Amino acid sequence: METVRTQDVSVNDLKWKIEYCAERCTMCGSCVATCTKNAIEACISHRSVTVSNAHQPEPVKEHKAIPVIKQVASIANACVGCGMCEKVCPNHAIKAVRNIDNRFNLLARDHGPIKRGGRTNLNAQRTLDSIIVGRISQMTDPALDSERHTFDIRAPFGRVLLPGELPLISENGQLTLTGKTPPVNWIYPLIFSDMSIGALSTRAWEAVSLATAYLNEKHNLPIRMCSGEGGMPVKLLESEKLKYMILQIASGHFGWNRIIKAMPRMKVDPAGILIKIGQGAKPGDGGLLPAAKVAEHVQAIRGVPKATLSSPPNHQGLYSIEESVQKMHLSLNAAFGFRVPVAIKCAASATSVSVYNNLLRDPYKICGGFFIDGIQGGTGAANEVSLDHTGHPIVSKLRECYLAAVKQGLQGQIPLWAGGGMGLTGNAAADAFKMICLGANGVFVGKILIQLLGCIGNENGRCNACSTGKCPTGICTQDPRLVKRLDVDKGAQNIVDYILALDSEMRKLMAPIGNSSLPVGRSDALVTTDKAIADKLGIQYVC
Amino acid sequence: MCRIGSIKSKVPVHPSKALHLMLPQQEGHDNSGFAMVMQDLYGVFTEYKDKPLLSLACTQRGAQLVEDYMDSHNFVQLAEWIPKPNKQQGLDIKAMPYYIFRNYDYPEQYNDKTQEEREELMLDTRLALRKILEETNEGYVYSFWPDVLTLKEIGDPRDIATYFRLWDDSGMLVAKSIVTQCRQNTNYDIVRYAAHPFFIQGYTLCANGENTFYTKNMEYQKSLHRGYTGFESDSQNFIYTLHYVLRQLKWPIQYYKHVITPLPFAEAEQREDKKVLSVIRQSLGHLEINGPNTIIAVLPSGEMITCCDSKKLRPVVVGGDDTTIAISSEVCGLNAILPNRDMSKDIYPNEREVVVINNDLEVQRWKQ
């Protein structure tokens, strides 16, 4: 009889347990080779088995040493439930199952705070699912035909002036522009959100950018993709495709050395600049790229050695919102000759309305968009305590910002873009449409894109291993062996197919409410079955 | 759906003509009310064309409140026309006790003020009177402007006409421009203010249809101008935007259509004036109109216009002769009052067109 040590880690302490059927296993080794966490190993087990080796059944009970697959009882090698073993097993001999009695959170802090990637696992409530597009055109006005009518599904990215501020003069019955107006690009109301080369593998990033270019050039959908912090390949910076990209500058300024050097050779302007102040998944934290993911090409693009890259929580030298506007917005606007809209992304917060008000009142009129990122946003790496316990839901915050602008007659002046959980349950069109009715000009999505590439992470603690460099799908890793698992073309095609379906679904939502252009702020089109949500958002309560 | 109509004529026209324009269309307008704005007045108002005319429906106390306000603000009453109603039994009308149409002279302190300042005064006066009457629930003030008379009532338009003796052309009440419709608001509460045509500072407008961007229009318009009030009907959005684009921004008339029904992006991109159209769409995005609708409007210049929604989901037709041109939701209305016109010249504007009738009855027809 073995001695039991209470403090020993057992597989029963881990979040996922391996269910293994030795009778089905052929010991091909595929599962062990596939597991990026080394959570399983092949070993010999002493078993009492009944065997029959004769032509007729002659069962004999034997004690045998047989090879088996066994879960490793280690916190560092804890199974994350990615399911790759099950996927690769030819005989359905193995799978990971959730262990609700685990003690992982108590044991996993032995080397400091738990770090992981993914998204919040605690605050995945779905306000948007309680909201219904309930104002349907019936009798009083006709619904449109989603297949036949033309629909203008475009959103502004850039600073919009009040009508009275436009430099227009009327001559001979015609209006003429007499001065410059801030640059505004009308783009698709869904932006591929900022995931860097580094956070993503080069292949995954390439697949997203491939889908972006394809949607623009083959389907005439002006989708824009944000680079994420960390720059992008010089070849892309100097190509015509740069016009589809929004360059991000975050607090680490990673990648900007190359961007600035490439400027004289840029053939076209980028679609925009996004200043990242914060992100919804880990508000108050800067970007974090663990050393395990700082591969050679990442070092080259960012101009850094192989080390964990922690972007500071703030942009250095910015102490107030006025400074942010004067320094960062002005210098980035100036850098591109005031031809490229510059927007800002903040984590949703109890203070978002104050931030938005400050931006709206900026005398320079150079803030071209306010991106608000809710708690359900994703990240490549963060402290779990930040992911699960800090942040702010996006829906009411977006609504509050819109209504703050309405109160001042400034709605639409700084376009509102909302993200963080858009498409969480797989239907990004419905989420985007409802957010637009509540006042968003558009939405930005990240997680759903990598899910389309093959990411199997979810809100229930599955995988979320983006920070480890051991992403089993080859999406959030720089390990060349793992990256090869990802088929770039197939991944890009999945994104293209999804966005084309989303575009049709947007029409399917616009048509019944009788709108041929986006119903920004048309809250009367929404109803909710939740009284508290109705009161908070100012929409009709129904039951 | 309601039906709308208007008449513009070189010779003064009696309201009965407007009624004859509308009655054949009654299957579409349900006969629940009658409202009209008459402009370029003759008859009893001929001598006071340059003096603001107050159109009012009220109780006795309401009349007193209005009189007190006007007196205390130094308006001098010049003339008054109070219809003597035919109160025969069985008429379908929810009449107010008094209908007052009264010309005032500007207060003395406005003698050397500019026309613009006088126009602001007239608006402020109407808004103040509306507030007083609304607070006390003693009546309705529809317009206060030179040469403009507004009548609105709930009931069967034929009976309303009988009540006000509008069938008999005594020559007292005639105008060269009439905009009318025969239905109360049915989408929202029946409020006299919700019945179009609406009027603000020289602009008159009535609309047939829906504006599904009512909420976003209203939320924006509320902050644009003190005169943009009420919002009892989604049709008010049309007139406020018309007023805003033409009077406040001082843009030429063709840009109104670009504001309410902007060209699709792909189409606008092909145009020479794409930059102008683009900044207009950006800055006035919250004034875009969606939904099925047709409007008829009269501008301060006296020009009458009509246009439709961007999908041409509501009908309208323009037709007439050298003396009179009418706009109507349905052609049967035109046939009733202008049976001898050349029908081959009738205009059925498409979704991108605007038709403008000037004071010489020249018809311009252009695409946005």
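Residues numbered from 1 in each chain as written. Chains lettered and ligands numbered in written order. Predicted model: local features only at pLDDT ≥ 70, side-chain atom pairs only at ≥ 80, totals over all residues. Heavy atoms only, no water.

Visitor: Could you clarify how one ought to interpret the overall build of chain B in this entry?
Guide: When helices and strands are tallied, chain B shows 11 helices and 16 strands. Oriented by its inertia axes, the alpha-carbon framework of chain B measures out at about 60 × 45 × 40 Å. A total of 368 residues make up chain B; the buried ones form 65% of that total. A separation of at least 24 residues holds for 73% of the contacts in chain B among residues at least 6 apart in sequence. (Helix = DSSP H or I, 4+ residues; strand = E, 2+ residues; numbered from the N terminus. Buried < 20%, exposed > 50% of the residue type's maximum accessible area, 1.4 Å probe, protein only. Contact = heavy atoms within 4.5 Å.)

Visitor: Can you help me understand the pattern of salt bridges in this one?
Guide: Pairs can form between side chains of opposite charge whenever their charged atoms are close. Residues and elements named next belong to chain A. Taken as a whole, this structure holds 42 salt bridges over all chains when the rule is applied. With a shortest N-O distance of 3.1 Å, Arg116 and Asp388 are connected by a salt bridge. With a gap of 272 residues between them, Arg116 in strand E5 (residues 115-119) and Asp388 in helix H10 (residues 384-389) connect regions that are remote in the sequence. The buried category is assigned to Arg116, whose relative accessible area is 7%. Under the relative-accessibility criterion, Asp388 is labelled buried at 9%. (Salt bridge = Lys/Arg side-chain N within 4 Å of Asp/Glu carboxyl O.)

Visitor: Would you mind showing me how to read the domain arrangement of chain A here?
Guide: In terms of domain boundaries, chain A breaks down into domain 1 (11-51 + 61-112) and domain 2 (129-451 + 506-541). One C-alpha centre belongs to domain 1 of chain A, the other to domain 2 of chain A, and the line joining them spans 42 Å. (Domains from an automatic or database assignment.)

Visitor: Would you mind going over the sheet that holds strand E14 (residues 324-328) of chain B with me for this structure?
Guide: Strand pairing in a sheet relies on backbone hydrogen bonds, with the paired strands running either antiparallel or parallel. All names here are of chain B. Taking strand neighbours across the sheet as the criterion, the six strands line up as E7-E2-E8-E1-E14-E13 in an open arrangement whose pairing is antiparallel. Of all strands in the sheet, those bounded by a partner on one side alone are strand E7 (148-154) and strand E13 (317-320). Strand-to-strand twist of the sheet, defined as the mean angle between neighbouring strand axes without regard to direction, takes the value 15°. Bridge count for strand E1 (residues 4-13) against E14 is five bridges, and the pairing is antiparallel. Considered in E14, the bridge of Ser6 is made with Ile327. Packed onto the sheet, helix H1 (residues 15-22) meets E1, strand E2 (33-43), strand E8 (173-181) and E14 and runs at close to 145° relative to E1. (Pairing = 2+ DSSP bridges. Axes fitted to C-alpha atoms, helices over the stretch in contact; angles between N-to-C directions.)

Visitor: I'm lost on the nonpolar core in this one. Help?
Guide: One broad trend across soluble globular proteins is that nonpolar side chains are buried collectively. Counting 108 residues, the largest nonpolar core has Phe192(A), Phe370(A), Met435(A), Ile475(A) and Met506(A) as the members making the most contacts within it. Considering every element that reaches this core, the biggest residue donor is helix H15 (residues 488-510) of chain A, with 10 residues. If we skip the residues at most four places from it in the chain, Ile475(A) touches Ala199(A), Leu200(A), Ser201(A), Ala204(A), Ile450(A), Leu453(A), Gly454(A), Cys455(A) and Leu486(A). Formed by 60 residues, the second largest nonpolar core is a distinct cluster that contains Tyr99(B), Tyr104(B), Trp145(B) and Leu149(B). (Core = buried A, V, L, I, M, F, W, Y, C linked by side-chain atoms within 4.5 Å.)

Visitor: Where do I start with the sheet that holds strand E12 (residues 224-226) of chain A in this structure?
Guide: Residues and elements named next belong to chain A. The strand order E11-E12-E13-E14-E17-E18-E20-E21 describes a closed barrel built from eight strands, whose pairing is parallel. If you compare each strand with its neighbour and ignore which way they point, the axes differ by 30° on average. Note that strand E14 (residues 272-276) and strand E17 (residues 342-347) share four bridges and pair parallel. Following the sheet pairing, Leu274 is matched in E17 by Ala343.

Visitor: Looking at this model, I keep getting lost on the side chain of Glu119(B). Mind explaining?
Guide: All names here are of chain B. Relative to the helices and strands, Glu119 is located in helix H4 (residues 115-136). Overall, Glu119 belongs to the buried group, its relative accessible area being 15%. The contact partners of Glu119, leaving out residues within four places of it in the chain, are Trp145, Gln201 and Arg247.

Visitor: Any chance you could explain the interface of chain B and chain A here in plain terms?
Guide: In many reports, interface size means the accessible area that the parts give up when they come together. If you look at the interface, chain B gives 37 residues, while chain A gives 43 residues. Summed over both sides, the interface of chain B with chain A buries roughly 3200 Å², with 57% coming from carbon and sulfur. A per-residue breakdown of the area chain B buries against chain A is headed by Phe265(B), Gln282(B) and Lys311(B), which together make up 19% of the total. Here Asp152(A) and Arg281(B) are joined by a salt bridge, their closest N and O atoms 2.8 Å apart. Secondary structure elements with two or more residues in the side of chain B that touches chain A: helix H6 (214-221), helix H8 (254-260) and helix H10 (274-283) of chain B. If one sorts the elements of the side of chain B that touches chain A by residue count, H10(B) sits on top with eight residues. Among the residues making up the side of chain B that touches chain A, the classes are represented as 16 nonpolar, 12 polar and nine charged. (Buried area = accessible area lost by both parts, 1.4 Å probe. Nonpolar A, V, L, I, M, F, W, Y, C, P; charged D, E, K, R; others polar.)

Visitor: Sorry, what's going on with the packing of aromatic side chains here?
Guide: The geometry of two aromatic rings is summed up by the distance between their centres and the angle between their planes. Per the counting criterion, the structure on display carries 18 aromatic pairs over all chains. Relative to Tyr193(B), the ring of Tyr142(B) lies with its centre 6.0 Å away and its plane at 75°, an arrangement referred to as edge-to-face. Residue Tyr142(B) is located in strand E6 (residues 139-146), and its partner Tyr193(B) is located in the loop between E8 and strand E9 (198-200); the two are separated by 51 residues in the primary sequence. Aromatic pair Phe231(B) and Tyr240(B): ring centres 5.4 Å apart, planes at 70°, arrangement edge-to-face. By relative accessible area, Phe231(B) is classed as buried at 7%. With a relative accessible area of 7%, Tyr240(B) lands in the buried category. Taken together, the ring pairs connect Phe157(A), Phe371(A), Trp417(A) and Phe444(A) into an aromatic cluster. The ring of Tyr106(B) carries the charged tip of Arg118(B) above its face, separated from the ring centre by 4.3 Å. (Phe/Tyr/Trp six-rings, centres within 6.5 Å; stacked < 30°, edge-to-face > 60°. Lys NZ or Arg CZ within 6 Å of the ring centre and 35° of its normal.)

Visitor: Help me understand the state of the cysteines in this model?
Guide: Working definition of a disulfide: a covalent bond connecting the sulfur atoms of two cysteines. As enumerated under the stated definition, the model contains zero disulfides over all chains in all. Among the cysteines around Cys43(A), which has no disulfide bond, Cys25(A) carries the closest sulfur, lying 11 Å off. (Disulfide = S-S within 2.5 Å.)

Visitor: It is not clear to me how unusual backbone geometry should be interpreted in this structure. Could you clarify?
Guide: Excluding glycine, residues mostly carry a negative phi; peptide bonds, for their part, are mostly trans. Cis geometry is adopted by the peptide bond preceding Pro197(B), which originates at His196(B) and carries an omega value of 10°. For His253(A), which is not glycine, the phi torsion reads 55° and is therefore positive. Looking at the element boundaries, His253(A) is found in the loop between strand E13 (245-249) and helix H6 (256-262). Since its relative accessible area comes to 36%, His253(A) is described here as partly exposed. With a phi close to 60°, Asp40(B) is a non-glycine residue in the positive phi region. Checked against the element boundaries, Asp40(B) lands in strand E2.

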